[in-house]
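If you want the building blocks of each chain, they are given just below.
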Amino acid sequence: PATVEAMIIDKKLTTLVSHPAKEVTLLEEIMVMGKAQRLEFIEDLSKEEIHTLENEIKLLTSKENMNYEDIVSIVWIIGELKLVNLSEFLCRHSSSNNGNIQRIVYSSMGKLLNDRFVPYLKMGCKSNGVQVRMYAIKSLSKYDFDHKNKFFMDLFKKETNMRNQDIIKLILEEVNHG
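Residues numbered from 1 in each chain as written. Predicted model: local features only at pLDDT ≥ 70, side-chain atom pairs only at ≥ 80, totals over all residues. Heavy atoms only, no water.

**Some words on the overall build of the protein chain**
The line we're drawing: Per the convention used, a helix needs a DSSP run of H or I reaching at least four residues, while a strand needs a run of E reaching at least two, with both numbered from the N terminus. Each residue's exposure class comes from its accessible area (1.4 Å probe, protein chains only) as a fraction of the maximum for that residue type: buried when under 20%, exposed when over 50%, partly exposed otherwise. Any two residues whose heavy atoms approach within 4.5 Å at even a single point are treated as in contact. The Shrake-Rupley method, run with a 1.4 Å probe, gives the accessible areas here. Residue values count only the displayed protein chains as cover.
Within the protein chain one finds eleven helices and zero strands. Seen in sequence order, the protein chain has helices and strands lined up from the N terminus as α-α-α-α-α-α-α-α-α-α-α. Burial analysis of the protein chain (178 residues in total) assigns 40% to the buried set. Here the contacts in the protein chain between residues at least 6 apart in sequence split such that 56% fall between residues at least 24 apart. For the protein chain, the accessible surface area stands at approximately 11,400 Å², while carbon and sulfur atoms represent 54% of it.

**Comments concerning the packing of helix α10 (residues 148-158) against helix α11 (residues 162-177)**
Selection rule: To obtain each axis, a line is fitted to C-alpha atoms, and for helices this fit is confined to the stretch in contact; angles are then taken between N-to-C directions over 0 to 180 degrees. Angle categories: roughly parallel below 35 degrees, roughly antiparallel above 145, roughly perpendicular from 65 to 115, and oblique for all the rest. Crossing chirality is assigned from the near helix's rotation relative to the far helix, an anticlockwise turn below a right angle marking it left-handed and a clockwise turn marking it right-handed.
Between α10 and α11, whose axes approach to 10 Å, the crossing angle comes to 160 degrees. On the basis of the axis angle, α10 is roughly antiparallel to α11. Relative to α11, the crossing made by α10 is left-handed. Contact residues: α10 offers K148, N149, F152, M153, L155 and F156, while α11 offers Q165, I168, K169, I171, L172, V175 and N176.

**Focus on α10**
Basically, it comes down to this: The arc under discussion is defined with respect to the helix axis, by the directions toward the C-beta atoms.
Of all the positions in α10, only K148, F151, F152 and L155 are classed as buried. An end-on view of α10 places all buried positions within 90 degrees of arc, on one side of the element. Set apart from the buried face of α10 by more than 90 degrees, the exposed residues are K150 and K157.

**Here we look at the side chain of Q102**
Tracing the sequence through the fold places Q102 in helix α7 (residues 99-112). Setting aside anything within four residues of it in sequence, one finds Q102 in contact with H93, S94, S95, S96, S127 and V132.

**So, the pattern of salt bridges**
As a reminder of what qualifies: The rule for a salt bridge is simple: a side-chain nitrogen of Lys or Arg has to be within 4 Å of a carboxyl oxygen of Asp or Glu.
This model, assessed by the stated rule, comprises four salt bridges. Of the charged contacts in the structure, one is a salt bridge between E159 and R133, with a shortest N-O distance of 2.8 Å. Here the residue E159 occupies a position in the loop between α10 and α11, and R133 occupies one in helix α9 (residues 130-140), the gap between them amounting to 26 residues. In this structure R133 comes out as buried when scored by relative accessible area, which is 8%. As a salt-bridge pair, D154 and K150 come within 2.8 Å of each other at their nearest N and O atoms.

**Description of the packing of helix α4 (residues 47-61) against helix α5 (residues 68-80)**
Going by this rule: In this classification, the charged set is Asp, Glu, Lys and Arg, the nonpolar set is Ala, Val, Leu, Ile, Met, Phe, Trp, Tyr, Cys and Pro, and all remaining amino acids, among them Gly, are polar.
With their axes 12 Å apart at the nearest point, α4 and α5 run at an angle of 145 degrees to one another. Read as a crossing pair, α4 and α5 show a hand that is left-handed. Listed contacts from α5 to L53, I57, L60 and T61 of α4 are D70, I74 and I77. Grouping the amino acids of the contact of α4 with α5 by side-chain chemistry returns five nonpolar, one polar and one charged.

**Some remarks on the environment of R163**
Relative to the helices and strands, R163 is located in helix α11. For R163, a relative accessible area of 53% corresponds to the exposed category. Along the primary structure R163 and M134 are separated by 29 residues, whereas in three dimensions their C-alpha atoms are 8.4 Å apart.

Structure representation (structure tokens):
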């Protein structure tokens, strides 16, 4: 008769053989890395791998209940790889109740330079969060849009944070003399 230990080992071996380990996707691989590791990893991605990653992101973002870490990671990846086809995900999360998500969304919008982001960035410039406003302001400054000077002049008058005022001053100098 087999010992209990032998039966357990046999069961584990049978399970391993009948259920081979699931292959880890590119997205899953990236999402467990730290920022420095991610930057290095994505630099070496081929066009084919970027396309695969984009499809993996599309699949994950089609789910309703995504956790905070997944959202932040995906927004960051979209910005770093300039995945314009995933712009809708950024638009959807620009109105998040989480300031960190908003900051990363606005930062990514500044990297993609898609004109459809201008209204979202303008909205972000009026956020209650000082850092959220700062990221939206910096990203919006990279865009050309009608009445840019007036928008930033009005924003400067309403801005209460000195650091953000300094950023807006620099933007206005560039707009007027650049």
